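Structural characterization, general
Chain residues, written in single-letter form:
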Amino acid sequence: MSPVRITLDGEPFTGRDGQTIAGVLLASGRRSWRESPSGAPRGVFCGIGVCFDCLVTVNGVRDVRACRRRARDGDAVTTQSRAGEEAR
Amino acid sequence: MSRRVVVVGAGPAGLCAAAGALRAGAEVTLLDAAEDPGGQIRAWPGFERLRDHVLGHPRCGWWPETSVWSIERAGAGAPRVHVLRGEIDAAGRDRHVLRPDALVLAPGAHDRVLPFPGWELPGVSTGGAAQAFVKGEGLALGDRTLIAGSGPFLLPVAASLLEAGSRVQAVLEANPAATVARGWTRRPWELASQTGKAAELAGYAALLARHRVPYRTGRAVIEARGDGRVEEAVTARLRPDWSVVPGTEQVAAVDALCVTHGFSPRLELPVAAGCRLRAGAFADVDADQRTTAPAVYAAGEITGIAGAPAARTEGLLAGWIAGGGPPDAPEAVAVRRRRDRARAFAARLAAAHPIGAAWPGWLRPGTIVCRCEDTTYGTLRSTAADDSAHAVKLATRAGLGPCQARICGPAVAELLPAGNPHHRPVAQPIRLGELAKPPVENPGRKESAR
Ligand SMILES: Cc1cc2nc3c(=O)[nH]c(=O)nc-3n(C[C@H](O)[C@H](O)[C@H](O)COP(=O)(O)OP(=O)(O)OC[C@H]3O[C@@H](n4cnc5c(N)ncnc54)[C@H](O)[C@@H]3O)c2cc1C
Ligand code: FES
């Protein structure tokens, strides 16, 4: 299988063809990439597109579920944060 | 002209519904948000043959990467189905409107996880997430994992993680051994007709034994701890009502914790179609899988959590009837009988794995209940003391985050008296730009990506 190279906030990650963005990050030991309203780290929870914990920005498009989106070679992924929105 | 049947979801229920409708002579459009058919279970004995038959059938259009985002009722006829086609959460996907003669809904279920302190830490996931990454990418979510919750589903999760090389520390079933044993051994004649499933469960038990993974009953994870990710799980012995036996706490070092307490059916589509719910929890269907909404049928986990074999027989029947097949055809009679046996088996499993009413005893004031909005148990309680459920939601935002209460809804409903937790007019996210584009019309044109 051909390698897939993506970046997360500029940091390079390499995965395999067919992996999801979450899979590429998890396989490299990365556990979290989003901040909740209180600023706490979040990563994968449901793994099947239901919980929206894993949201990332992909090539400028916000709110993409990393557990469902296939990683493509060259994808520039950036993290998202809801910290600062008033935590209740 | 033959009937046009749209089937939503290509898991065991939807794929079999497509097969049933094709057999009845209908034109079928089968769609799924995923790229491949198979649903959450992905494969079962006979899956490849069925997939190739359905997807290759001249009267079947297969629409992968197609999400239903809205269902519009259309008087006495079948509702219109609004879909987006394209890569998941991409910008600028195409909008289509399908106008079938009959609609089969088979969107399945997702794991239900009860909140506990620390469940929001990275590294804590559902059992389904562990399954999905092993089956989809051969990836174990951790090296030292603990599996906890309730139900037979914990066993395939353990098997997958072992297969992917994870060291599974234990499988913890919250219900006491007596409850589990009573449910599993009641009405043994039902078991005889479901030998496939029973043999599968026995196989998991043997696998756990081979890897020396303990299966402990009456024990649960009541807290996850760690700095920025899960490092420790606190487990405790439970009474039959799931209250904690004080002094039985133990701490286990883990780097992943997989928890599932059952399944929540995905009810937003049946609710949008106007289907009545049974006990507020499942799509209500008659003996032929017909819902209370005109020309809408339901099959699989949305009609009851009964496992893949039941989902397959329900799908076959729903598709056959939706496609105009006669209800009294000999094969329909046989399928109905098989379905009833599969459901009976599921009922006994459900009886073996109830959710104990005292689970909120695990919560502390600072425990997050709504993961999207970080709403804590304490905030919910203090707001609930002087407001209606609706006002509590608005004030705390519990259940109003991006997941639309799919995750916390059932827990919040138990903690507060709430309205219909399954009312989600927008079933899947749609971007403003996509909404503004006119839909592509599909005047019965059959399309297939394969
Ligand atoms: C994550 C997970 C893992 C599981 N693993 C196992 C296992 O290993 N062994 C086992 O025995 N059982 C397992 N189960 C249970 C088993 O999957 C179910 O019993 C069975 O798959 C139910 O079949 P179904 O057709 O009703 O639903 P599903 O298989 O869930 O199929 C539903 C399909 O509908 C699609 N869908 C839902 N909403 C929409 C929408 N709005 N638009 C378009 N498509 C939509 C989904 O993408 C999905 O493919 C698992 C369940 C889950 C949730
Ligand atoms: S992990 Fe739940 S949506 Fe991706």
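These numbers come from a predicted model, not from an experiment.

1. Here's the deal with the overall build of chain A
Assigned secondary structure in chain A consists of one helix and eight strands. Traced from its N-terminal end to its C-terminal end, chain A shows the element sequence β-β-α-β-β-β-β-β-β. Compactness check: chain A gives a C-alpha radius of gyration of 13 Å against a globular reference of 12 Å for 88 residues, within 12% of the reference. In terms of its C-alpha atoms, chain A occupies a principal-axis envelope of roughly 45 × 25 × 25 Å. The proportion of buried residues among the 88 residues of chain A is 52%. For chain A, restricting intrachain contacts to residue pairs at least 6 apart in sequence, the fraction spanning at least 24 positions comes to 40%. When the accessible surface of chain A is split by element, carbon and sulfur atoms take 46% of a total near 3600 Å².

2. Side note on the site of ligand 1
Ala13(B), Asp32(B), Val68(B), Gln131(B) and Glu301(B) are the nearest of the 34 residues found near ligand 1. One finds residues of chains A and B in close proximity to ligand 1. Ala33(B) places a main-chain nitrogen or oxygen 3.1 Å from a nitrogen atom of ligand 1. Contact between ligand 1 and Gln40(B): an oxygen atom at 3.0 Å from a main-chain N or O atom of the residue. Listing elements by their share of the shell around ligand 1, those giving two or more residues are helix 1 (12–23), strand 4 (66–74), strand 8 (109–112), helix 3 (127–137), helix 7 (195–210) and helix 9 (307–322) of chain B. The residue inventory of the shell around ligand 1, partitioned by class, reads 15 nonpolar, 13 polar and six charged.

3. Here's the deal with the nonpolar core
Side chains of a nonpolar character, in soluble globular proteins, are inclined to be buried together. One finds Phe116(B), Trp119(B), Val124(B), Leu146(B), Val221(B), Leu257(B) and Trp362(B) to be the most contacted residues of the largest nonpolar core, which totals 49 residues. Every element with two or more residues in this core is listed here: strand 10 (144–149), strand 11 (167–173), strand 13 (219–225), strand 14 (232–237), strand 16 (256–260), strand 21 (368–370), helix 11 (377–384) and helix 13 (409–415) of chain B. Here this core takes four residues from strand 13 of chain B, the largest share from any one element. Two domains each put at least three residues into this core: domain 2 (113–261) and domain 3 (359–415) of chain B. Setting aside chain neighbours within four positions, we find Val124(B) in contact with Val44(A), Phe45(A), Phe116(B), Gly118(B), Trp119(B), Ala224(B), Val230(B) and Leu257(B). Core analysis: the next-biggest nonpolar cluster, separate from the first, contains 45 residues, Ile21(A), Cys54(A), Leu207(B) and Phe345(B) among them.

4. So, the sheet that holds strand 5 (residues 77–85) of chain B
All names here are of chain B. If you trace the four strands from one edge of the open sheet to the other, you get 4-5-6-23, paired in mixed fashion. Edge strands, defined here as strands with exactly one partner in the open sheet, are strand 4 and strand 23 (440–441). Across seven bridges, the pairing between strand 4 and strand 5 is antiparallel. Note that in strand 5 the partner of Ser70 across the bridge is His82.

5. With respect to unusual backbone geometry
Residues and elements named next belong to chain B. Of note, Trp242 is a non-glycine position whose phi angle comes to about 70°, a positive value. A relative accessible area of 0% means that Trp242 is categorised as buried. Residue Ala279 is not a glycine yet carries a positive backbone phi of 55°. Tracing the backbone shows Ala279 in the loop between strand 18 (277–278) and strand 19 (282–283).

6. Some remarks on the sheet that holds strand 15 (residues 250–253) of chain B
Residue and element names in this part refer to chain B. Sheet architecture is open: three strands sit in the order 13-14-15, paired in antiparallel fashion. Both edges of this open sheet fall to strand 13 and strand 15, since each of them pairs with a single strand only. Across this sheet, the average inter-strand angle for adjacent strands is 30°, counted without regard to direction. Sheet topology note: the strand 13/strand 14 ladder contains six bridges and is antiparallel. Within the sheet, the bridge partner assigned to Arg225 lies in strand 14 and is Glu232.

7. What about helix 4 (residues 154–163) of chain B?
For an α-helix the count is 3.6 residues per turn, leaving residues at separations of three or four pointing the same way. Extensive coverage of helix 4 of chain B is indicated by the burial of nine of its 10 residues. Backbone geometry just downstream of helix 4 of chain B places Gly165(B) in the positive-phi region, at approximately 95°.

8. Focus on empty space enclosed by the protein
Applying the stated rule across the entire model yields four cavities of 30 Å³ or more. Size it by volume and the largest cavity reaches roughly 100 Å³. Lining the largest cavity we find Leu26(A), Arg31(A), Gly43(A), Val44(A), Pro122(B), Gly123(B), Ser125(B), Leu141(B), Ala256(B), Leu257(B) and Cys258(B). No other element matches strand 16 of chain B, which puts three residues into the lining of the largest cavity. Classifying every residue of the lining of the largest cavity gives seven nonpolar, three polar and one charged.

9. Some words on the domain arrangement of chain B
Assigned domains within chain B: domain 1 (4–110 + 264–350), domain 2 (113–261) and domain 3 (359–415). Each of domain 1 of chain B and domain 2 of chain B was reduced to a C-alpha centroid, and the two centroids are 30 Å apart.

10. Observations regarding the pairing of strand 1 (residues 3–8) of chain A
Residues and elements named next belong to chain A. The two faces of strand 1 differ: Val4, Ile6 and Leu8 on one face are buried, but Pro3, Arg5 and Thr7 on the other face are not. Two successive antiparallel strands, strand 1 and strand 2 (residues 11–16), enclose a turn made up of two residues, where Asp9 displays a positive phi of approximately 50°. Of the strand pairs in this sheet, strand 1 and strand 7 (residues 76–78) are connected by two bridges, and their pairing is parallel. The partner of Thr7 across the bridge, within strand 7, is Ala76.

11. Regarding the interface of chain A and chain B
At the junction of the two partners, chain A supplies 38 residues and chain B supplies 49 residues. Roughly 3500 Å² of surface becomes buried between chain A and chain B when both sides are summed, with 52% attributable to carbon and sulfur atoms. Connecting chain A to chain B are seven salt bridges. Among the salt bridges present, the one from Glu87(B) reaches Arg69(A), with a minimum N-O distance of 3.8 Å. Inspection of the region where chain A meets chain B yields 21 residue pairs in polar contact (both at pLDDT 80 or more). Of all the secondary structure elements, the ones that give two or more residues to the side of chain A that touches chain B are helix 1 (21–27), strand 4 (41–43) and strand 6 (61–65) of chain A. Each residue belonging to the side of chain A that touches chain B can be placed in one class, and the counts come to 16 nonpolar, nine polar and 13 charged.

Rules and cut-offs
Within each chain, residue numbers correspond to sequence positions counted from 1 in written order. All chains are assigned letters beginning with A, and all ligands numbers beginning with 1, in the order in which they are written. With the structure being a predicted model, the display of local features is reserved for residues of pLDDT at least 70 and the display and counting of side-chain atom pairs for 80 or more, all residues being used for whole-chain, interface and lining totals. As a rule here, side-chain values come from all non-hydrogen atoms in the structure, and water together with hydrogens is ignored. Secondary structure counts use DSSP, requiring at least four H or I residues in a row for a helix and at least two E residues in a row for a strand, with both numbered from the N terminus. What the globule rule says is 2.2 Å times the number of residues to the power 0.38, and the radius of gyration is computed from C-alpha atoms. Each residue is assigned to one of three classes by its accessible area relative to the maximum for its type, calculated with a 1.4 Å probe on protein chains only: buried under 20%, partly exposed between the two thresholds, exposed over 50%. Any pair of residues with heavy atoms lying within 4.5 Å of one another is described as a contacting pair. Per-residue and other accessible areas follow the Shrake-Rupley method at a 1.4 Å probe size, with only the shown protein chains counted as cover for residues. Consider each residue's heavy atoms; a residue with any of them within 4 Å of a molecule or strand counts as near. Distance and chemistry together define a polar contact, namely a pair of N or O atoms within 3.5 Å, with one atom able to donate a hydrogen and the other to accept it when in protein, and with adjacent residues in sequence counting only for side-chain atoms on both sides. Basically, the charged four are Asp, Glu, Lys and Arg, the nonpolar ten are Ala, Val, Leu, Ile, Met, Phe, Trp, Tyr, Cys and Pro, and anything else, Gly included, counts as polar. Grouping buried Ala, Val, Leu, Ile, Met, Phe, Trp, Tyr and Cys residues that are joined through side-chain atoms within 4.5 Å yields what is termed a nonpolar core. Each domain's extent is set by a domain assignment, obtained either automatically or from a database. A pair of strands is considered paired only if DSSP assigns at least 2 bridges between the two. Every axis in this analysis is a line fitted to C-alpha atoms, fitted for helices over the stretch in contact. Angles between the N-to-C directions lie between 0 and 180 degrees. Think of a 1 Å grid over the protein atoms and nothing else: a 1.4 Å probe that fits but is trapped marks a cavity, an open set flanked by protein within 12 Å on at least five of seven lines marks a pocket, and residues with an atom within 4 Å of a point count as lining. Grid points are joined across faces, edges and corners, and a volume is the space filled by probe spheres set on the points. Accessible area, probed at 1.4 Å, shrinks when two parts are joined; the buried area is that loss added up over both. What makes a salt bridge here is a side-chain nitrogen of Lys or Arg within 4 Å of a carboxyl oxygen of Asp or Glu, nothing more.

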